[in-house]
Amino acid sequence: MAAFGVPGSLVDGLRVVPHPAVMLILLFGPGETAVDDGSGRRQCGSLVAGSGFGSGGAVRAWGEHVECVQVRLSPVVAGMVLGVGPDELAGGVVSLDDLWGREAAGVRERLEGAPTWQERFAVTEAVLARRLGARPRVDPEVVRAWRRIVAGRGLVRVEDLASEVGWSRKRLWSRFRAQAGMPPKSAARLVRFDHAVHRLVAGEGPARVAAESGYFDQSHLHRDVMEFAGVTPAAVAGEPFLTVDGLAWPGSAHPSPRAAAGGPGR
């Protein structure tokens with residue numbers, strides 16, 4: 001969970017870079033925001049985006065005087081909180097108003113009425129805790145497979161995952177896709193990409209990142225980054241959507257639950 005206060009306007013828009021989590025954006029305050037999905041559709045206000053949202057690099061966020069709380073939810077727990085499964089999002093985005101109805105407006109009012117970021121975090125946590133159980137839990141085998149993918153930074157074989165959980169490869173593919181929103185191989189690629197681009201943001205060279213992140217060579221890394229982010233490895237290192245992560249979620253693959261921001265991710 002992180003809070004963002006972005007004064008002024010995002011004149012050129014903010015490129016959304018895919019992340020291996022379901023993203024909940026709770027907007028409040030007088031500012032205006034919109035997300036352009038790259039195909040002419042524009043989503044305004046609070047939203048929920050599936051894992052991998054932004055793939056291709058065409059998705060941009062626009063806004064003026066933005067204030068929001070952003071929550072990254074593991075795809076194996078997101079459905080239990082949000083009421084919509086990652087498989088239904090399929091890497092896309094839906095309006096929170098459409099998903100939660102009047103409850104979304106109530107959450108916005110409570111966030112607007114909270115005088116500090118810490119109190120806004122408390123409001124958000126209370127909402128998520130109350131909603132826990134909105135959908136059935138996912139299979140423990142899917143949870144275990146997801147955790148192995150994350151722990152291995154995407155460097156796992158589907159055959160090995162299936163063997164570990166005691167399922168056939170076909171059953172793992174089917175259940176994982178239905179409950180986590182993407183096939184296990186795609187999940188592993190997304191996790192590997194996320195790890196690699198954050199190393200690039202940290203200043204490491206593409207050759208080293210490719211060699212140590214499971215890519216065949218630097219060209220393989222280049223192709224993956226272009227496919228997911230729409231820019232080269234050299235360019236992705238400067239993407240604002242990624243560069244704030246070290247501030248908003250410092251030094252860990254598991255975000256701190258209370259990383260407040262007076263600017264974009266402090």
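Residues numbered from 1 in each chain as written. Predicted model: local features only at pLDDT ≥ 70, side-chain atom pairs only at ≥ 80, totals over all residues. Heavy atoms only, no water.

1. Thoughts on the packing of aromatic side chains
Inference 1: Inspection of every chain in the model, using the stated rule, returns 3 aromatic pairs.
Inference 2: Arranged with centres 6.2 Å apart and planes meeting at 50°, the rings of F4 and W249 form a pair that is tilted. Residue F4 is located in strand 1 (residues 2-9), and its partner W249 is located in the segment after helix 14 (245-248); the two are separated by 245 residues in the primary sequence.
Inference 3: Owing to a relative accessible area of 9%, F4 belongs among the buried residues under this scheme.
Inference 4: For the ring pair F28 and W117, a centre distance of 6.0 Å and an interplane angle of 65° mean the geometry is edge-to-face. (Phe/Tyr/Trp six-rings, centres within 6.5 Å; stacked < 30°, edge-to-face > 60°. Helix = DSSP H or I, 4+ residues; strand = E, 2+ residues; numbered from the N terminus. Buried < 20%, exposed > 50% of the residue type's maximum accessible area, 1.4 Å probe, protein only.)

2. A short note on empty space enclosed by the protein
Inference 1: Inspection of the entire model under this criterion finds 1 cavity of 30 Å³ or more.
Inference 2: Considering the residues around the largest cavity, the lining is formed by V16, V17, P18, H19, A21, M23, A49, G50, G52, F53 and F241.
Inference 3: Of the residues contributing to the lining of the largest cavity, the split by class is 8 nonpolar, 3 polar and no charged. (1 Å grid on protein atoms, 1.4 Å probe; cavity = no way out; pocket = protein on both sides within 12 Å on 5 of 7 lines; lining within 4 Å. Points joined across faces, edges and corners; volume = space filled by probe spheres on them. Nonpolar A, V, L, I, M, F, W, Y, C, P; charged D, E, K, R; others polar.)

3. Observations regarding the layout of surface pockets
Inference 1: Approximately 470 Å³ is the volume attributed to the second largest pocket.
Inference 2: The wall of the second largest pocket is formed by 28 residues, among which L14, A61, C68, Q70 and F241 lie closest to the centre.
Inference 3: The set of elements that each furnish at least two residues to the lining of the second largest pocket consists of strand 1, strand 3 (22-28), strand 4 (32-36), strand 7 (60-73) and helix 13 (240-243).
Inference 4: Take the lining of the second largest pocket: its biggest share by element is 7 residues, from strand 7.

4. Let's talk about the side chain of D194
Inference 1: Within the element layout of this structure, D194 appears in helix 9 (residues 184-201).
Inference 2: The side chain of D194 is buried and forms no salt bridge, while R72, the nearest opposite charge, is found at 6.0 Å.
Inference 3: Contact partners of D194, with chain neighbours within four places excluded, come to H19 and P20. (Lys, Arg positive; Asp, Glu negative; His and termini not counted. Salt bridge = Lys/Arg side-chain N within 4 Å of Asp/Glu carboxyl O. Contact = heavy atoms within 4.5 Å.)

5. Observations regarding the pairing of strand 4
Inference 1: One ladder, built from 5 bridges, connects strand 4 with strand 7; its direction is antiparallel. The residue of strand 7 that forms the bridge with V35 is A61.
Inference 2: Where strand 4 lies against strand 5 (residues 42-44), 3 bridges are found, and the strand directions are antiparallel. By the bridge assignment for strand 5, A34 is matched with C44.
Inference 3: With antiparallel pairing between neighbouring strands as the criterion, strand 4 and strand 5 make up a hairpin whose turn holds 5 residues, including G38 at a positive phi of roughly 90°. (Pairing = 2+ DSSP bridges.)

6. A word on helix 5 (residues 117-131)
Inference 1: Its 15 residues place the ends of helix 5 21 Å apart at the C-alpha level, agreeing with the 21 Å of an ideal helix rising 1.5 Å per residue.
Inference 2: Among the residues of helix 5, W117, R120, F121, V123, T124, V127, L128 and R131 are the ones counted as buried. For helix 5, the angular spread of buried residues about the axis comes to 160°, placing them on one side. The outward face of helix 5, more than 90 degrees from its buried face, is lined by the exposed residues A129 and R130.
Inference 3: On the buried face of helix 5, the contacting elements are strand 1, strand 3, strand 7, helix 1 (75-82), helix 3 (96-100) and helix 4 (102-113).
Inference 4: Positive phi appears at G133, one or two residues downstream of helix 5, with a value of about 100°. (Expected span 1.5 Å × (residues − 1). Arc of directions from axis to C-beta.)

7. Considering the confidence of the model for the protein
Inference 1: Model confidence for the protein is summarised by a mean pLDDT of 88, while 94% of its residues fall at 70 or above.
Inference 2: pLDDT under 50 marks residues 253-266. Its contacts with residues more than four places away, or in other chains, come to 44 contacts. (pLDDT = per-residue confidence, 0-100.)

8. Things to note about unusual backbone geometry
Inference 1: Not every positive phi belongs to a glycine, and H65 is a case in point at roughly 55°.
Inference 2: With respect to the helices and strands, H65 occurs in strand 7.
Inference 3: According to the relative accessible area criterion, H65 is partly exposed, its value standing at 44%.
Inference 4: Here the phi dihedral of R153 falls at roughly 55°; this positive angle occurs in a residue that is not glycine.
Inference 5: Here R153 is to be found in the loop between helix 6 (140-151) and helix 7 (158-165).
Inference 6: Its relative accessible area of 48% is what places R153 among the partly exposed residues.

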